[in-house]
Each structure stands twice: as C-alpha cells, then as structure tokens.
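Residue-level listing of the chains:
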Amino acid sequence: MKMNDLTKIGAGQYDALTGLYTATSFITLMDVSNALDGLEHPTLIYINITGFKIFNQSYGFEAGNHFLCEIADELRRHFDGDWIARLGGDRFIIETFGKNLTAIEGSLSAIQANMRLYERGLLMRIKSGIFVSSGTESPMHMIDCAKLAHDTIEDSYTKDIAVYDEKIAKSQSLRHYIVTDFVEAKSSGYIMPFYQREVRALTGECAGYEALARWVDPTNGLIMPGLFIGVLENAHLIHQLDLHIIRCVIKDLRRAIDRGLPVVPVSVNLSRHDFLLCDVFDEVNSLRAANDIPPQLLNIEITEGAFAEGAADLIEAIEKFKAAGYKIWMDDFGSGTSTLNNLRQHDFDVVKLDMNFLRDFETNPKCKVILASIVSMTKELGSHTLCEGVETKEQYEFLRRIGCERLQGYYFGKPMALDFEHSTTSIVFEGDSAAKAHAHEKESMRRYYDMVGGVNVMGAAPLREKDMLVYNNLPITIIELIDDNIHFLYANAAYGKLLKGTGIESLTAADSRANIRGIKENDEFLAFAKRVKESGRTGVMDFVINGKIIATELHPIASADNRSAFVAVSHDVSQYNETRQAKDMQVVLSYLLTLFFRIDLFDLDDGTVDNVFLSSSQGRVTDEDTDAASAVAKYAEKYITPAEQGNFCKFYDMTTVEERIKAAKDRYVSAIFHAKSDNRRQIYQLLIFHMGTHKKVLSCCRSLKRRD
Ligand code: C2E
Ligand code: CA
Ligand code: CA
C-alpha cells in the first residue's frame, strides 16, 4: 500500500469547517500507517493558537471561522503531503514523515509570520509541541507527548516551540506515578502535613501554623505540592489528599491536647475542586467532631482564584463552615484577577497577601506603597491581615510598622515535620533544637491581639468602627498596661517624631522611661491608664514631659488576663502655644527668675553642673569648674558661713540627692544656710526631673527676708 492509498482510508471524515481530517479519522490513519513497514518514523506536531478566543470575542464567530480556514490553508501549504487534522477549536495536529526538526520549525515560523496578515493586530501566536517518534509508540501516546511538550510553553512569552525530551518524559512519568501510587502512598503514611509558623507581628509569638502537604516518597524522595496538587486536581483525587491532610492535622491536634502541649490554630488548604468532588464541609466537620477538636483550631484557606467562577456551592459550603465556628481565610490575595471583587462580595476573617507583593521589595519602592494600602484597606473592610513569604528582617520590620498583623515566611521558619517523640513540654519539629522551642500564643491572647491588630494605624480613621473619630496623621501609639507596667507596643512615624521632640529618642527609650516610678508624669499616666481601663471610656489628659505639654486621648481597645491595650492619640500642645504665647512667656520667665539670685542645673548622669541664671551679686563658679562636686566645694568656701560649709556640701551631694527627694515623698528638697558675707538666711532648693535621657537636678537659691 502507498501513502496515497492510505489517505483514502481517512476519507469521508473531514472537519466541516476547514476540510482537514477529524481527530477520529486521523487516529485511524496513524493506526494503519504504524502497522506498515518501510515508512520513515513520523513526527507529530500539536498546535494551539493563543489569543483566538479574544479574536472570536472581538470580531465575532464568522470572522473567527474565516480565520481558522486561513490557518488551515497555511498548514496545507507548508505541510503539503502530510496528514493534518483539526482537534476542535483552535487546536490542530500534524503527522509529518519527511520533515526534520529544522524544516518543521521553519514552516511554523513562516505560518506565524503570515498570520499577521489576518489576525487584525491581535498578535496571536502559534504554540507547538513536537514529538519525534521512534516508530514504536501508539498514536494516542504520540499525541499525548506532543501535547505535553506544548503544555510546557503554553504560558511562555518567549518560546513558541517545544520538543518532547527527557525532562518532559521524567515529569510525565512522575505524573503517572503520582496518579497510580497516590492511594497507596496515602495509606502507607508517605503523605503528611508539614507545618509552617505564622507569627504575631506585635509580639513575635507563634500565633498559628499552616499545614502544607508533603509526599515523602521512599523511591522518589521528597515530592512537593507544586508537582502533585495539579495532577491530583486533574485526576479528580484532590479531595482525597485534602481530607487526608486535614485528618492528619486533627490527629496531631488531638495528640498535642492530650499531652497538655500548648496548641494554636492550624490553617488547612482546600482546593476549589474539593467543593465539587465531595461534601467538604460535612467531611471536615465530622472528622473534627469525632476527635473532639474545637472548630476555632482549624482555619480554612481558600485561594482567591477559587471564587473567580462565582461557584455557588463553594459559597454555600463556606457559609456552613462559618456558621459552625470555623474561620475562613482568603489565600494568595492579589495573585488573581478578581481580587477586589472578592473582598467586596465576601467576608474573610483573614486575608493572606500573596508573596509576590514582596518579590522586589528591596528594589522597587512601589511595593511598600501597595502593601501599606492593601493592609489598610483590608482592615477597613474588617478582615485581619497576614503577609506570606517574609524572608528578611527589613520586610518583617516594614510589615509590622504598617500594621500587618501576622507574618509567615522563611525568615521565621520553613515548613517542617512534627516530631512527636520529642514534643514533651512544647511542640517540636524535626531538625529543631530543643532550645528553639517557640512561645505559643494563648487563646485569650489571640482574641486580645486580634482586637488590637484590628486598629488600622495607617488609615485616616484608625478607630472609626468604634466611635467614628477621624484622625489625620496624628501621633498614634498602642500602649499596653500589664499589671502596673506601661509597655509601648507600637507607634506610628508621627508619634516617633513627637517623642523626639520631648527628647526621647526611641520607643524603647520611652518604654523604659515610662516605668521609672517616682517621676511625676509617669505616675500620673499610670493612674490615668488605670482609670480609663476601669471606666472603659476614652480619657483625655495633659502631661508635661521634659518641658513639653502633651495632650493625650486614651482609648481602651481590649483587655485579657492581666493586660489591657489602649490606643493613645497625642499632640504637643506647647507647639501651638509657642507662637501665640512665646513673648508673654519670655516676660513672665524673666520676672520669675529675679526671685532667685542663682539657678544651676546639675546633671546626675555625667556629674556636671551648668549655671542657668545668675544675679549680679554672685560669681560664676561653674565657669572655672563644671565638675559638680568641686564646684559645690568652691561655692561653699566662697559664699557659705564656715560653720555650715560641711552641711552645705552634704546637701549638694548629687550622689544621694535622688534618694533624699524620694524619701521626702516630694519632687524637691530644701535647706536654709547663712551667707558668709552678711549672715543673711538663704533657701536652697533642689528639684529633680528628666531632660531627654538624662536625670537633672535644678538648684534654685533665694534670699529670705529678715522676718521669713
Ligand atoms: P500556599 O498555600 O500559598 O503555601 C505557601 C507556599 O509558600 C508553600 O509552598 C510554602 O512552603 C512556601 N513558602 C513559605 N514561606 C516562604 C518564603 O519565605 N519564601 C518562599 N519563596 N516560599 C515560601 P509549598 O508547600 O510548596 O506549597 C505550594 C502550594 O501548594 C501552596 O501554596 C498551596 O496552594 C498548595 N498546597 C500545599 N499543601 C496543600 C494541601 O494540603 N491541599 C491543597 N489543596 N493545596 C496545598
Ligand atoms: Ca495556603
Ligand atoms: Ca498562599
């Protein structure tokens, strides 16, 4: 039989539109030709035209049909004498006998170039997968292989032709292995969850885990979900995987609870196919109930892509999960196309920002703007935020600053297998050293920090939900009261600036300064915070900090155990007064100063003294000496009556003054001495206060009237 005779076999089964073979007649042809000896080994080409759908939508069905006929003609022209079929839509296959790869590639590029004439500016592309037969493969296998080669470049912008090779063969055999061995691997315990930490940005504590499927195969090694999820979805087996992972998670939680270990919620991933393949709510909920695990310990992650098709059964199942007390998390937010619509149409407890947002964090400043806006928007919409893929300290610090509540990524830890054997007092993972055991957030704290994290510190209205107050870039800080200690959890940039204005360099400095008892404004603030906590209502108060008047509104936001959190909105009132009252203040001050004959400022931290004000009667001792002790000795010798010089030096002993002031239960101590020159009584007063990071003592000296 000759080629021409073979052609007759397929006759009668032509594609009505293009006149090419149909798939069925094409396969019959291949079958017959395979059985013949003496034919050259054929090459199979699978062709798909990208952009055809848009062409159809733009120019209509008829124009689309016309376009396909043009393509069919091109194929006939360039593959004259070969067998060509249309598989349907814009997909074709060709079996060619004489052409080598170079000739085939030349023909395909020529067709692509000619297509420009009738594609109407849409820049469509011909994507081809090529399989060179060894003469032994079945027709279906050849077509599969050519299609597989095509699939590897389907979404590529740079490659239009792929030849089936060893690498594709390997991944194909792995796919085959995955489908055929899945059930066996599952029951043998080779498929299991690895756990990755989710960290509370405000505290650094572990607030939860994400369970990520791993296939630890005895022959193929570690197989990652990137390889098997898609294959299992195509094979309609994905629900079996997901339910298996959830079963493992539930068992792990049960064991941890039974052992008295601290547990935190675990997020599990559901595929959108799960909702079509089984009653996923019913399955999960029965598993959970059978093991007596509270629903609050399982978060359901669903990728935003799942909502793209507006699946009604998905939404129905989500409602059931919610009603039963599960939290619904949106995964990979920002990776798809209908991102904002999803946020508008559904309520998510947590929105997980896709790790692509962090991809060029270091080099592209726009990244930060986008992240800050999304975190702010998500909070305004009432969801919590988690950012995935955090890999560096800089990313961590930035995300904390913009108020992103939870973080996950290699910076905090990779997904790891649970090591139950060593989990005696806390959860331990394989490869973890015992010393690395992480603090786990308690349940009461989770609710507390969720409330604290709900405050949108970036927004124009951080507390709007509660009381409709609107703040525009005012200095905002989140403060915790833990027993009798004040702790600064967070401050925005404006608050940092306000602190600097009062001479306090950082939030850490503010933190330690706030807990020094005996400083007037500190004690006042503590009492104020306690009052606000008790009343549960916003309080307002002015404080003098290092000479600045700071007006502060304190809003209670959450309480749990021994701690309470507040948002403080402050402003420096003295700033506004400066312009209006500065002149008056100057005049008043100058009169006030004349009451004293001298004012000196001692620094307790470096032991020096500076003269601030001096009436004409006095000499400037501090000009010669700024060392406090020797300046005091010189002064005593020069101005104090000899009998009292010893006591005077004791009174001015800067190493004991703080204690003496504390003992006096006041902010100052005073003493009377007699002047050496005329034996007149003089009162000396020492007042302690903070200036910036230094402790200072103000010394004021005044003469007493004869009858005082
Ligand atoms: P996903 O849900 O977005 O999970 C996060 C992925 O990012 C994980 O990949 C994780 O290992 C990886 N990752 C975490 N931190 C970092 C980081 O700092 N940098 C980088 N570059 N990557 C990080 P993995 O485990 O390979 O999982 C891939 C995807 O497979 C998951 O993406 C999820 O969509 C899917 N998947 C995993 N387990 C399951 C499962 O049990 N069921 C279903 N349906 N899908 C799963
Ligand atoms: Ca996930
Ligand atoms: Ca994700």
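Anything mentioned here points back to the structure above.
Predicted model, so just to flag it, every value in this text is computed and none were measured.

### Side note on the sheet that holds strand β16 (residues 485-491)
Here we have five strands laid out as an open sheet, ordered β16-β15-β19-β18-β17, and antiparallel in their pairing. One side of each edge strand has no neighbouring strand; the edge strands of this open sheet are β16 and β17 (539-545). Within the sheet, the average angular offset between the axes of one strand and its neighbour, ignoring direction, is 35 degrees. As paired strands, strand β15 (residues 476-482) and β16 are joined by six bridges and run antiparallel to one another. Opposite I482, over in β16, you have N485 as the bridge partner. Strands β16 and β17 of the sheet are contacted by helix α18 (residues 507-514), whose axis makes an angle of about 165 degrees with β16.

### A look at the coordination of the calcium ion (ligand 2)
Around the calcium ion (ligand 2), the protein supplies E210 (OE), N269 (OD1), E301 (OE) and D331 (OD) as donor atoms, at distances of 2.1 to 2.3 Å. Counting residues between consecutive donors of the calcium ion (ligand 2) along the chain gives the motif E-x58-N-x31-E-x29-D. Separation of the calcium ion (ligand 2) from the calcium ion (ligand 3) amounts to 4.0 Å, with D331 serving as a shared donor to the pair. With E210 in strand β7 (residues 206-217) and N269 in strand β9 (residues 266-270), the pair connects residues that are 59 residues apart, well separated along the chain.

### Some remarks on the coordination of the calcium ion (ligand 3)
Bound to the calcium ion (ligand 3) on the protein side are D331 (OD), D332 (OD), E388 (OE) and E388 (OE), at distances that span 2.1 to 2.7 Å. The sequence motif formed by the donor residues of the calcium ion (ligand 3) is D-D-x55-E.

### Here's the deal with the nonpolar core
Core analysis: the largest hydrophobic core is formed by 79 residues, its most contacted members being F321, L371 and L399. For this core, the element with the highest residue contribution is helix α8 (residues 238-258), accounting for nine residues. F321 has contacts with L270, F275, V280, F281, V284, I300, Y326 and I328, leaving out every residue within four places of it along the chain.

### Things to note about the site of ligand 1
For ligand 1, the set of nearby residues contains 22 residues, the closest of which are Q196, R214, D242, E391 and Y410. At 3.0 Å from a nitrogen atom of ligand 1 is found a side-chain nitrogen or oxygen belonging to Q196. A total of 800 Å² of accessible area belongs to ligand 1 in isolation, and the protein chains cover 83% of it. When contributions to the shell around ligand 1 are tallied by element, the ones reaching two or more residues are β7, α7 (225-234), α8 and β11 (327-333).

### Points about the sheet that holds strand β24 (residues 694-703)
Strand order in this open sheet of five strands is β21-β20-β24-β23-β22, and the pairing throughout is antiparallel. The sheet terminates laterally at β21 (608-614) and β22 (668-674), the two strands that pair on one side only. Sheet twist, expressed as the average angle between the axes of neighbouring strands with direction ignored, equals 20 degrees. In this structure, β22 lies alongside strand β23 (residues 681-691), joined through seven bridges in antiparallel fashion. Looking across to β23, one finds that A671 is bridged to Y684.

### Describing a nonpolar patch on the surface
On the surface, a cluster of nonpolar side chains totalling about 240 Å² of accessible area is made up of V216, L222 and M224. Along the chain, the position of M224 falls in the loop between β8 (221-223) and α7.

About the cut-offs
Residues numbered from 1 in each chain as written. Chains lettered and ligands numbered in written order. Predicted model: local features only at pLDDT ≥ 70, side-chain atom pairs only at ≥ 80, totals over all residues. Heavy atoms only, no water. Pairing = 2+ DSSP bridges. Helix = DSSP H or I, 4+ residues; strand = E, 2+ residues; numbered from the N terminus. Axes fitted to C-alpha atoms, helices over the stretch in contact; angles between N-to-C directions. Contact = heavy atoms within 4.5 Å. Donors = N, O, S within 2.8 Å, 3.2 Å for Na, K, Ca; no water. Core = buried A, V, L, I, M, F, W, Y, C linked by side-chain atoms within 4.5 Å. Buried < 20%, exposed > 50% of the residue type's maximum accessible area, 1.4 Å probe, protein only. Near = heavy atom within 4 Å. Polar contact = N/O pair within 3.5 Å; in protein donor to acceptor, adjacent residues only side chain to side chain. Areas by Shrake-Rupley, 256 points an atom, 1.4 Å probe, with all protein chains shown as cover. Patch = residues over 30% accessible without salt bridge, like charges linked within 9 Å, V, L, I, M, F, W, Y side chains within 5 Å. Salt bridge = Lys/Arg side-chain N within 4 Å of Asp/Glu carboxyl O.

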